[in-house]
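The lines below spell out each chain.
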Amino acid sequence: MIPARLEPLVAETRTLAERFVAEGFTLYLVGGVVRDAILGRLGERTDLDFTTDAPPDDIERIVRPLVDAVWLQGKRFGTIGAKRGDRIFEITTHRAEAYAPDSRKPDVQFSQSIDADLSRRDFTVNAMALRLGDALELVDPHGGIADLAAQRLRTPLSPDESFTDDPLRMLRAARFLSGYGLRPDDDLVDAVKRLHGRLEIVSAERIRDELDKLMVVESPADGLWFLTNTGLADEFLPELPALGLEQDPIHRHKDVLAHTIAVVEKTSPDRILRLAALFHDVGKPKTRSIGPNGVSFHHHEVVGARITRDRMRALRYPVEDIEAVTKLVELHLRFHTYKMGWTDSAVRRYVRDAGPLLDELNELTRCDCTTRNKRRADELARRMDDLEERIAQLREREELDALRPDLDGRAVMELLGVPAGPAVGRALAFLLELRMEEGPLGAEEAERRLREWWDHQPQ
């Protein structure tokens, strides 16, 4: 019997399925779309995955008249991509693929059997297929539905065989634990502990993309603990387990690893913000010192920013992502330097330095408070409320989000009678500093102050 939640997908794909059947082939909806439909979690999903016994050339021939666009980048791996309206889908020839021991790319072998195809998928909850056409059938040879009901994560084949086939599945397990509230089988956990070193054959780009997917699930904590406790994080993100600092029996301090995961949990599921939360304290192990006043981590935000940049480069993150996350890590303590209150100048500098990441920085600062001391937590929240109110007040009075000198470079050159060059840069820096300290001066006052400053410069 087909679950009622799958009926809309059956109706939408009927024409496509009929064309495959007419050509003597069978078409199946497969994987995540079946899982999510059973769970009622399709939501705004726009992608559909199919598998078939048709070879790639036949897939292309059958779908071309039915779609708006076709792409063939994955054809040599048996996959034809297509788009019809807003719906994107991929159709893949049944396959059984495995990595060679030292290869970064799968050795693709096609199959005629849906059961063989499903057995090579990552987890039982993804190893379900819906046969389309007149003979509707839910194919679940490995008990995926039962595992969903039992909230159990296991592999269709032995975990050793599954993770040897594609080591990235070990990292993907973390996302499914967090995203679907599943619990891993003991055999799965033991296999990851044995095989995590095999992740070295997986490209940095694939690892990065899987980490990003974990970062944006609603509650990533279970996945992060899984990465740490199995040794998997040591292979691509050693800074995470390094946060589990040994506690000094006298000068105790907060568990930095537990704190970091708690901060990630508290932040909104925005990829850049979550990555900043993940990295925000990575400088602490290298800066920890014990003095007469206890444990300190002086300048850990500066050291952490450097570590973040290096790690994100190793994971092949785009430059804009690296710059954004690094800036948030470097600035995450800025708020705490103004314990005695915020002058207008301090607010302007804070807003300027945060730039377009102001909202993310404010949220990271709020979430960085994981203390159980209610009085301290309430005090930090009140101070952040005060800062945001000050920012709003300054915005009403001046162009706070576009801080620039009262005069531009052309006006400076005309006023001082100098050509473009270092002198103009110094003059603009002087004017910007005035703008930060005193707010908008107006052109006339800015000109007067600039002349006065220029008269005291070596000519």
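From a predicted model like this one, the values you see are computed outputs, not experimental measurements.

**Topic: the overall build of the chain**
Item 1. Within the chain one finds 22 helices and 13 strands.
Item 2. Here the chain has a C-alpha radius of gyration of 28 Å; the compact-globule value for 459 residues is 23 Å, and the former is much larger.
Item 3. In terms of its C-alpha atoms, the chain occupies a principal-axis envelope of roughly 90 × 60 × 45 Å.
Item 4. Counting only residues that meet the buried cut, the chain has 49% of its 459 residues in that class.
Item 5. Approximately 22300 Å² of the chain is accessible, and the part contributed by carbon and sulfur atoms is 48%.

**Details of helix 9 (residues 186–195)**
Item 1. Residues L188, V189, A191, V192 and L195 constitute the buried set of helix 9. In a view along the axis of helix 9, the buried residues occupy a sector of 160°, so they form one face of it. Opposite the buried face of helix 9, at more than 90 degrees from it, the exposed residues are D186, D187 and R194.
Item 2. Those residues of helix 9 hidden inside the fold are in contact with strand 10 (152–153), helix 7 (159–165), helix 8 (168–180), strand 11 (183–184) and helix 11 (221–229).

**What to know about empty space enclosed by the protein**
Item 1. Enumeration over the complete set of coordinates arrives at one cavity of 30 Å³ or more.
Item 2. Of the voids in this model, the largest cavity is the one considered here, and its volume is about 40 Å³.
Item 3. Around the largest cavity, the lining residues are E12, T13, L16, L48, F50, R84, R87 and F89.
Item 4. For the lining of the largest cavity, the secondary-structure elements that each account for two or more residues are strand 2 (47–52) and strand 5 (87–93).
Item 5. Here the lining of the largest cavity is composed, by residue class, of four nonpolar, one polar and three charged.

**Quick look at the pattern of salt bridges**
Item 1. Across all of its chains, the model carries 35 salt bridges by this definition.
Item 2. In this structure, D57 engages K75 in a salt bridge whose closest nitrogen and oxygen atoms are separated by 2.7 Å. Of the two residues, D57 sits in helix 4 (residues 56–63) while K75 sits in the loop between strand 3 (69–71) and strand 4 (79–84), which places them 18 residues apart along the sequence.
Item 3. Judged by its relative accessible area of 53%, D57 is exposed.
Item 4. According to the relative accessible area criterion, K75 is partly exposed, its value standing at 23%.

**Comments concerning the confidence of the model for the chain**
Item 1. Per-residue pLDDT for the chain averages 87, and the proportion of residues at 70 or more is 91%.
Item 2. Low pLDDT (under 50) marks residues 248–253, which in the prediction has 12 contacts with non-local residues, meaning those over four places away or in another chain.

**A short note on the packing of aromatic side chains**
Item 1. This model, assessed by the stated rule, comprises four aromatic pairs.
Item 2. Ring centres of F176 and Y180 lie 5.5 Å apart, and the angle between their planes is 15°; this geometry places the pair in the stacked category. Here Y180 and F176 lie together in helix 8, a separation of four residues that amounts to about one turn. Taken individually, F176 and Y180 each receive the classification buried, so the pair is uniform in this respect.
Item 3. Relative to W454, the ring of W453 lies with its centre 6.1 Å away and its plane at 40°, an arrangement referred to as tilted. Each of the two residues, W453 as well as W454, counts as buried.

**Points about helix 13 (residues 271–279)**
Item 1. Within helix 13, eight of the nine residues are buried, leaving the element largely enclosed by the surrounding structure.
Item 2. Where helix 13 is buried, its residues meet helix 10 (204–215), helix 11, helix 12 (256–266), helix 15 (300–314), helix 16 (319–331) and helix 18 (358–367).
Item 3. For helix 13, the side-chain oxygen to backbone nitrogen distance between the N-cap and I272 is 3.3 Å, and the N-cap itself is D270.

**Details of the pairing of strand 5**
Item 1. For strand 5, a buried count of five out of seven residues is recorded, marking the element as mostly surrounded by other parts of the structure.
Item 2. Pairing geometry for strand 4 and strand 5, over six bridges, is antiparallel. Across the sheet, residue K83 finds its bridge partner in strand 5, namely I88.

**Focus: the sheet that holds strand 4**
Item 1. Across the sheet, seven strands lie side by side as 3-4-5-2-1-8-9; this open sheet has mixed pairing. Of all strands in the sheet, those bounded by a partner on one side alone are strand 3 and strand 9 (137–139). Taking the axes of each pair of neighbouring strands and ignoring which way they run, one obtains an average angle of 25° across the sheet.

**Quick notes on the packing of helix 13 against helix 18**
The relative placement of two packed helices comes down to the angle between their axes together with the axis-to-axis distance.
Item 1. It is the contact of helix 13 with helix 18, at a shortest axis distance of 10 Å, that shows an interaxial angle of 40°. Compared by their axis directions, helix 13 and helix 18 come out oblique. Of the two possible hands of crossing, helix 13 and helix 18 adopt the one that is right-handed. Note on element contacts: helix 18 touches helix 13 through E360, E363 and L364, opposite L273, A276 and A277.
Item 2. A per-class count over the contact of helix 13 with helix 18 returns four nonpolar, no polar and two charged.

**Some details on the nonpolar core**
Item 1. The biggest cluster of nonpolar side chains holds 109 residues, and the ones touching the most others in it are F20 and L227.
Item 2. The element that contributes the greatest number of residues to this core is helix 8, accounting for eight residues.
Item 3. Ignoring sequence-local partners within four residues, the contact set of F20 consists of F25, L27, T52, A54, I59, I62, V63 and I91.
Item 4. In terms of nonpolar packing, the next biggest core, distinct from the first, is built from 15 residues, V424, L431, A446 and W453 among them.

What counts and how
Within every chain, residues take consecutive numbers counted from 1 along the sequence as written. Whole-chain, interface and lining totals are the exception, using all residues; otherwise, since this is a predicted model, local features are given only for residues with pLDDT of at least 70 and side-chain atom pairs are given and counted only at 80 or more. The basis for the side-chain values is all heavy atoms of the structure; hydrogens and waters are excluded. Going along the chain from the N terminus, every DSSP run of H or I of four or more residues is numbered as a helix, and every run of E of two or more is numbered as a strand. A radius of gyration in this sense is built from C-alpha atoms; the matching globule rule multiplies 2.2 Å by the number of residues raised to 0.38. For every residue, the accessible area (1.4 Å probe, protein chains only) is compared with the maximum for its type, and the residue is labelled buried under 20%, exposed over 50%, or partly exposed between those bounds. Reported accessibility uses the Shrake-Rupley method at a 1.4 Å probe radius. Residues are deemed covered only where the shown protein chains occlude them. This arc is built from the directions going out from the helix axis to the C-beta atoms. By definition, residues are in contact when any of their heavy atoms lie within 4.5 Å. In this analysis the probe radius is 1.4 Å and the grid spacing 1 Å, with only protein atoms considered; a cavity is a set of points the probe fits into but cannot get out of, a pocket is an open set with protein on both sides within 12 Å along at least five of seven lines, and lining residues have an atom within 4 Å of a point. Grid points are joined across faces, edges and corners, and a volume is the space filled by probe spheres set on the points. Amino acids are sorted into nonpolar (Ala, Val, Leu, Ile, Met, Phe, Trp, Tyr, Cys and Pro), charged (Asp, Glu, Lys and Arg) and polar (every other residue, Gly among them). Within this document, salt bridges are pairs made up of a side-chain nitrogen of Lys or Arg and a carboxyl oxygen of Asp or Glu, the two lying within 4 Å of each other. Known as pLDDT, the predictor's confidence for each residue is given on a scale from 0 to 100. Ring geometry is summarised as follows: Phe, Tyr and Trp rings, the Trp one being its six-membered ring, pair when their centres sit within 6.5 Å, and such pairs are stacked at plane angles under 30 degrees, edge-to-face over 60 and tilted between the two. In protein, a polar contact means a hydrogen-donor-capable atom and an acceptor-capable atom, both N or O and within 3.5 Å, with residues adjacent in sequence counting only if both atoms are side-chain atoms; elsewhere, any N or O pair within 3.5 Å suffices. For two strands to be treated as a pair, DSSP must find no fewer than two bridges joining them. For helices, the axis comes from a line fit to the C-alpha atoms of the stretch in contact; other axes are also lines fit to C-alpha atoms, and the angle between any two N-to-C directions lies between 0 and 180 degrees. An angle counts as roughly parallel when it lies under 35 degrees, as roughly antiparallel when it exceeds 145, as roughly perpendicular when it falls between 65 and 115, and as oblique in every other case. With the far helix as reference, a near helix turned anticlockwise by less than a right angle produces a left-handed crossing, and one turned clockwise produces a right-handed crossing. To define a nonpolar core, start from buried Ala, Val, Leu, Ile, Met, Phe, Trp, Tyr and Cys residues and group those joined through side-chain atoms within 4.5 Å.

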